[in-house]
Amino acid sequence: MARDTLTGSRIRERRLILGLRQAELAREAGISASYLNLIEHNRRRIGGKLLVDIAGVLGVEPSMLSEGAEAALISTLREAAADSGVPVAELDRVDEFAGRFPGWAEVLAAGHRRIATLERTVETLSDRLTHDPNLAASVHEVLSTAAAIRSTASILAETGELEPEWRDRFHKNLNEDSLRLSESSRALVSFLDEGDAGEDRRGMPQEEAEAFFQNNGFHFPALEEGSAEPEDLLENEPALASEAARSLARAALEQYRADARVMPLKALARELQSTVISPVALARRFGCGLPAVLRRLAALPEEVLGHEAGLVICDASGTLLFRKPVTGFAMPRFGASCPLWPLYTALVNPHVPVRRNVVQQGRNTAAFDCLAVAWPQNQPDFGEDPLYRAVMLILPGAKDAQDPQPVGASCRICPRRGCTARREPSILKEEF
Amino acid sequence: MGRHVVLIEDEPNITEAIRFLLTRDGWSVDAHTDGATAVEVIRDANPDLVILDLMLPGKSGLEIVRELRGGEGMTALPVLMLTARGQMRDREMAEKAGVTRFMTKPFSNAEVLTAVRDLHAQAGQG
């Protein structure tokens, strides 16, 4: 059906949006309801003064009724149909669809545009991995140095009698290459991190919200002092490009403010000066729950707490909702984290405080004091299963760490062998 | 007459390790770092085998192999290519260019030795 024959469908659509009855519109336009009915079902052509009058009643330009949806919308819908790869029997009725259901047509077109944007992002990322000269050079440098180290170390380990001159030379090479490997791997990580902060990473709400917290050092003096509302802090914030990210950041700031009200900075700082950190004692002192104490401790400036503190919060599916990094403790950016984290022990034992000394495999031997607890996200009710969240505070330099529990970051980058918690193979074939 | 290999690799410590390994295995090793002069060096040396890095300054390993295969007398010369790029597409491109065997970094010494001996044997000179 041609676009200009659908004027009636558009009149009907617009009338229904306004909640007008057919009789009301007909009366306003000075025609009978039965004639309007014929027009609305495209059985009578309409133009001239009557079209202008009806458009006036409906509050739109006459061209909106006669020309219908924008040509661009029709074109996008045609592209969507073509790209779907599925034969669309009603392709010749695309104008009718756009004319009768402009809202749904726009949803479909917006979805198609979003897919196209995401496909371009995927292409860009794939292309970057295969063709980015900087990335290629960086990876080449790391692998070449690793190859040199492997060959040299094998010679030293496997050659029975090695002349002192050769042995000394290989020791020197090994030392040089290990330094180069540290530098080149650090450069590679920096390069990837820089790329992550770029445009290609936009559109991931959690990443944007975390960047916002990171930029503020996870501490918000204006919320502490009560001189600003969470919404004020979100205003004109460049890190938060999407509404979804703003929503996440808003929720986290609301939680921050609630925790800060219960445990004001000055009072908490006084408590921390007088005793060693005891979250249970702080919960009693401030009359709040353990989860709030753990969240609050992680939000304190380093000079108040005395050292760094990391924090992770997950929902009942184990998905990380919030991450505050801490030096030396790797947290996966995507996908699931290590099931051995005390966070998950707490998740399956709601309300039970869990404290474990852990050390991450494949990185360094620094132990971390991890304190975790799970709490119901909503007020429990009869006949409704509670939804739990878990929080884990990560404090570096675990005291008296006897046999710390080995954990990873995520299976893909964990070299630990024989781990019963392993979900998928590691990309690291050998332990570092 | 000993077996002769030309090694084109810009990573000096890899060169040193391979030189040590192959020398102990009875090879004379002629090592160079520059891709731009590699074709000339290989033609002049007329070796039994070539070990070549893919990413070289001046000219890539693939370009070097294409030029070698395009010239006279070098069509059967065994070429072992070392590379940090191990994707299927890279392997296919290397094979198409005329590389005899493809080895990704980091490799083990045993893998290099086995590959060199195999290629030499296959070329009918072992």
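Residues numbered from 1 in each chain as written. Chains lettered and ligands numbered in written order. Predicted model: local features only at pLDDT ≥ 70, side-chain atom pairs only at ≥ 80, totals over all residues.

**Describing the overall build of chain B**
For clarity, the cut-off: A run of H or I in DSSP becomes a helix once it reaches four residues, and a run of E becomes a strand once it reaches two; helices and strands are each numbered from the N terminus. Exposed residues have 12 or fewer other C-beta atoms within 10 Å of their own C-beta, buried residues have 20 or more, and residues in between are partly exposed; the C-beta atoms are placed from the backbone. In this description, a residue-residue contact is defined by the distance between C-beta atoms placed from the backbone, which must lie within 7 Å.
Per the secondary structure count, chain B includes 5 helices and 5 strands. Scanning chain B from its N terminus toward the C terminus, one meets helices and strands in the order β-α-β-α-β-α-β-α-β-α. Within the span of chain B, comprising 126 residues, buried residues form 41% of the whole. For chain B, long-range pairs separated by at least 24 residues make up 57% of all intrachain contacts whose partners lie at least 6 apart in sequence.

**A closer look at helix α17 (residues 290-299) of chain A**
Each turn of an α-helix holds 3.6 residues, which means side chains three or four residues apart point in the same direction. Burial runs high along α17(A): 10 of the 10 residues are buried. Looking only at α17(A), the buried set comprises Leu290(A), Pro291(A), Ala292(A), Val293(A), Leu294(A), Arg295(A), Arg296(A), Leu297(A), Ala298(A) and Ala299(A).

**Quick notes on the packing of helix α2 (residues 38-45) of chain B against helix α3 (residues 61-70) of chain B**
All names here are of chain B. Test applied: Orientation is described by axes fitted as lines to C-alpha atoms, over the contacting stretch for helices, and by angles from 0 to 180 degrees between their N-to-C directions. Orientation categories follow fixed angle ranges, with anything under 35 degrees roughly parallel, anything over 145 roughly antiparallel, 65 to 115 roughly perpendicular, and all other angles oblique. Take the far helix as the reference: if the near one is turned anticlockwise from it by less than a right angle, the crossing is left-handed, and if turned clockwise, right-handed.
As a packed pair, α2 and α3 sit with axes 9 Å apart at the nearest point and diverge in direction by 45 degrees. By the angle class used here, α2 and α3 are oblique. Seen along the crossing, α2 lies across α3 with a hand that is right-handed. Of α3, the residues touching α2 (which contributes Ala38, Val39 and Ile42) are Ile64, Glu67 and Leu68.

**Quick notes on the sheet that holds strand β4 (residues 367-376) of chain A**
Residue and element names in this part refer to chain A. Heads up, the condition is: DSSP calls a pair of strands paired once it identifies at least 2 bridges connecting them.
Across the sheet, 6 strands lie side by side as β2-β1-β5-β4-β3-β6; this open sheet has mixed pairing. The open sheet has two free edges, formed respectively by β2 (320-324) and β6 (405-407), since each of these has just one partner strand. Pairwise comparison of adjacent strand axes, ignoring direction, gives a mean angle of 30 degrees for this sheet. Pairing geometry for strand β1 (residues 310-314) and β2, over 4 bridges, is antiparallel. Along β2, the bridge assignment pairs Cys314 with Leu320.

**Thoughts on the interface of chain A and chain B**
To keep things clear, this is the line we draw: Gly counts as polar in this scheme, as do all residues outside two lists: the nonpolar Ala, Val, Leu, Ile, Met, Phe, Trp, Tyr, Cys and Pro, and the charged Asp, Glu, Lys and Arg.
In this complex, chain A contributes 15 residues to the contact, which on the side of chain B involves 14 residues. Looking at the side of chain A that touches chain B, the elements with two or more residues in it are α9 (133-158) and α10 (164-196) of chain A. Looking at the side of chain A that touches chain B element by element, the count peaks at 12 residues for α9(A). Class assignment of the residues belonging to the side of chain A that touches chain B gives a composition of 7 nonpolar, 6 polar and 2 charged.

**Structural notes on the environment of Thr15(B)**
Along the polypeptide, Thr15(B) turns up in helix α1 (residues 12-24). Expressed as a C-alpha distance, the spacing of Thr15(B) and Val29(B), which sit 14 residues apart in the sequence, is 9.6 Å.

**Focus: the sheet that holds strand β3 (residues 49-53) of chain B**
Think of a sheet as strands paired side by side through backbone hydrogen bonds, with each pair either parallel or antiparallel. All names here are of chain B. Spatially, β2-β1-β3-β4-β5 is the arrangement adopted by the 5 strands of the open sheet, whose pairing is parallel. Strand pairing shows two members of the sheet lacking a second neighbour, β2 (27-32) and β5 (101-104), which therefore form its edges. For this sheet the average axis-to-axis angle between neighbouring strands, irrespective of direction, equals 20 degrees. Two elements, strand β1 (residues 3-8) and β2, share 6 bridges in a ladder whose sense is parallel.

**Focus on the nonpolar core**
Note the threshold: In this usage, the nonpolar core is the set of buried Ala, Val, Leu, Ile, Met, Phe, Trp, Tyr and Cys residues whose C-beta atoms join them within 7 Å.
If you look at the biggest cluster of nonpolar residues, it comprises 59 residues, and the most contacted ones within it are Leu343(A), Ala372(A), Ala390(A), Met392(A), Leu393(A) and Ile394(A). Every residue in contact with Ala390(A), bar those within four places of it in the chain, is listed here: Cys314(A), Leu343(A), Ala346(A), Leu347(A), Ala372(A), Val373(A) and Ala374(A). In this structure, Phe170(A), Ile42(B), Leu54(B) and Phe102(B) belong to the second largest nonpolar core, which totals 44 residues.

**Examining unusual backbone geometry**
Comment: phi is negative for the bulk of residues other than glycine, and the bulk of peptide bonds are trans. Between Lys105(B) and the following residue, Pro106(B), the backbone shows a cis peptide bond with an omega angle of -5 degrees. In this structure, Pro106(B) sits in the loop between β5 and α5 (109-122). Residues other than glycine seldom take positive phi values, yet Phe218(A) does so here, at roughly 60 degrees. Of note, Phe218(A) is situated in the loop between α11 (205-215) and α12 (221-225). Residue classification places Phe218(A) among the buried positions, given that 20 C-beta atoms sit within 10 Å. Even without a glycine there, the phi angle at His351(A) is positive, about 75 degrees. Mapped onto the elements, His351(A) comes out in the loop between α19 (342-347) and β3 (354-360).

**Some words on the confidence of the model for chain B**
Close reading of the predicted structure is inappropriate where its pLDDT is low. Threshold: Residue-level confidence of the predictor, termed pLDDT, takes values from 0 up to 100.
Taken residue by residue, chain B gives an average pLDDT of 89. The fraction at 70 or more is 96%. At the level of chain-chain contacts, confidence expressed as ipTM amounts to 0.83, with global pTM at 0.49.

**Focus on the packing of helix α2 (residues 22-29) of chain A against helix α4 (residues 48-58) of chain A**
Residues and elements named next belong to chain A. With their axes 9 Å apart at the nearest point, α2 and α4 run at an angle of 125 degrees to one another. By the angle class used here, α2 and α4 are oblique. In this structure, α2 meets α4 at a crossing whose hand is right-handed. On the side of α2, the interface is formed by Leu25, Glu28 and Ala29, while α4 contributes Leu50, Asp53, Ile54 and Val57. Classifying every residue of the contact of α2 with α4 by side-chain character gives 5 nonpolar, no polar and 2 charged.

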